[in-house]
Amino acid sequence: MQWKCPHDIMETRTVLRVIVTDNDIRKVTLPSKPQTLDSLIEQLGQHLDLPYTFSLQYEDADFNNALVNLTDIADLPEKPTLKVISLVTSPTLSQADTDIMSVNSQEESPLTRQDPWPETFEIPSFSVNVEYRLRQGNLLFMRDKTYLQVPRDMKHEVLEKLAEAMYKFKAYPREEDFNDVASALVKKHPCLFEPGSSTGWNGWKNSIKFKMVNYRSKLRRAGCTDVLVNSMKRGSQDSPRNVKKPKRFEINFLPNMPAGENESSMESKRLEIVEEMKKRHPSSTLIAQYMDITFSLRRKELVEKEPSVKETLQRWPALFRESQIIAEFNRITSKNLKQEFFSALAKNTSRFLEIFESKKGTAGKKLSEYLIQMKSANITDVTARRTAVLRGLAVLLGEDTTDFFKTCFDIDIVTPQVSIGILTVVPEDSPMSPQGLPLEVTDTAIILEGLIAMDGLENVPHAMCFVFGLIYALNMEYPSQLKYTFEFIQRVFLSLGHKSLKPKLQSLKNLLF
């Protein structure tokens, strides 16, 4: 092997100034100059964590550095300034300031919801007539504590509006969601308080529940996918317990088809994705665009048919690319998986290590072994620290990682037959123990249903991040032996779910904060 001097290595790097938005301008260093425009776009998408399709413009010296579309990699100057141009024409989950789409316009976009359930539920405005009657009722209540006797027509409209507003966030609200809405209604309109109720709004809560059932029935007749999937034909033997609905606070669990598309047109795009993925350098732009369009078809397959991972790999190979896992998670939850996962990990790593050092007993012994290995590698090594935290998180929660974290030598790679796991490949001369931290890594792979679903990952923290994303993307269950670990990542790291936690998770969160 020919040795290269540091100067030669530096010469192969490409330094870019990238304008993501007017207020977000970044310096990006690529290890080598991309040979194609698609390669440049793909690398920038990964470096910048952009979960949407885009093209590029560059400052052209021939036009006094005015921006010009970049169509050929040969036009790229030295140390160029590039501008990211989003190609998404419909509202996407990455646009935080996008208004929530109305129920009546669901067909306009493959994404029907833009935001998760709010911290504080905002009661919608009612018709002019109802608002006037409520205003008069509130004035009477403030003056002499007189409660409003709500007539049937008025109650019908209030409940209908509330159901519509709730559906914008969830098709199947939980008990705590109904509590939020009923309490918010009485807080905004105190004249609706129920004096005979322990909370003042229990009757409203029950009425909202029944109205939500009726509202879903209307949407089911209208063909809305996320409720139509649970319709039971007369005489069917299917159990109502098998209701397909969000379990982990997905906001786009089963979206409707986008306008102008049907199953046939989306199937043809799926086939184009499959053919594109067979190429040596597949077009990231085409894949991202078609994966966005076919989102509803993909979710329908994965939720209704529950195919095997092997079948999904064949039908949706692009779904197992890093950039598309991030994009799919964003479509489903409106969260940027990689950014939020590593932000939470970086924020809490030091505190986790302090907790590890304070632990005693069997758990303390395991955690001290992780700390010793971490420090022997390099205490400032970010990857070592993060690996120790993710392995130690399961120990703190009393879970066994034996069947999830697997390690093998690079001369004897055997795929573990586990439903979900991470396989770390280490050099032949690496000192490896079953419970050790694999810090000298040759390769890291994700195992799903006994198959290598992804490999070539940087390290265990990255693999853990993408395992979590794939569980959402493939509508899989958390591994049973690590259900608390994954739920902690979901609820605490990514803030997906209500604030109330199971006692075991709440205890750890209290220690952490």
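The structure contained in this document is the topic of the report that follows. Note that the structure is predicted; figures quoted are calculated from it, not measured.

### Considering the overall build of the chain
Moving on, step 1. Per the secondary structure count, the chain includes 18 helices and 9 strands.
Moving on, step 2. The 513 residues of the chain split such that 49% are buried.
Moving on, step 3. Here the analysis covers contacts within the chain between residues at least 6 apart in sequence; of these, 63% occur between residues at least 24 apart.
Moving on, step 4. A total of about 26,100 Å² of accessible surface is found on the chain, and carbon and sulfur atoms cover 49% of it.

### Remarks on the sheet that holds strand E1 (residues 14–21)
In a beta sheet, neighbouring strands are held together by backbone hydrogen bonds and run either parallel or antiparallel to one another.
Moving on, step 1. Spatially, 5 strands are ordered E2-E1-E5-E3-E4 in an open sheet, and the strand pairing comes out mixed. Of all strands in the sheet, those with a lone pairing partner are strand E2 (24–30) and strand E4 (66–69), marking the two edges. Sheet twist, expressed as the mean angle between neighbouring strand axes with direction ignored, is 35°.
Moving on, step 2. Both strand E3 (residues 54–60) and strand E5 (residues 81–86) contribute to a ladder of 5 bridges, which runs antiparallel. Directly across from Tyr58, in E5, lies its bridge partner Leu82.
Moving on, step 3. Its contacts with the sheet put helix H2 (residues 37–48) on E1, E2, E3 and E5, and the angle it makes with E2 is roughly 115°.

### Some words on unusual backbone geometry
Moving on, step 1. For Glu306, which is not a glycine, the phi torsion comes out positive at approximately 50°.
Moving on, step 2. With respect to the helices and strands, the residue Glu306 is situated in the loop between helix H10 (295–305) and helix H11 (309–315).
Moving on, step 3. One non-glycine residue, Ser495, lies in the positive phi region at around 55°.
Moving on, step 4. Note on placement: Ser495 falls in the loop between helix H17 (483–493) and helix H18 (503–512).

### Comments concerning the environment of Thr21
Moving on, step 1. Relative to the helices and strands, Thr21 resides in strand E1.
Moving on, step 2. Looking at Thr21, the relative accessible area reads 40%, which means it is partly exposed.
Moving on, step 3. Taking the C-alpha atoms as reference points, Thr21 and Lys83, 62 residues apart in sequence, are found 8.0 Å from one another.

How each quantity is defined
- Residues numbered from 1 in each chain as written.
- Predicted model: local features only at pLDDT ≥ 70, side-chain atom pairs only at ≥ 80, totals over all residues.
- Heavy atoms only, no water.
- Helix = DSSP H or I, 4+ residues; strand = E, 2+ residues; numbered from the N terminus.
- Buried < 20%, exposed > 50% of the residue type's maximum accessible area, 1.4 Å probe, protein only.
- Contact = heavy atoms within 4.5 Å.
- Areas by Shrake-Rupley, 256 points an atom, 1.4 Å probe, with all protein chains shown as cover.
- Pairing = 2+ DSSP bridges.
- Axes fitted to C-alpha atoms, helices over the stretch in contact; angles between N-to-C directions.

By themselves, these observations are geometric and do not establish any function.
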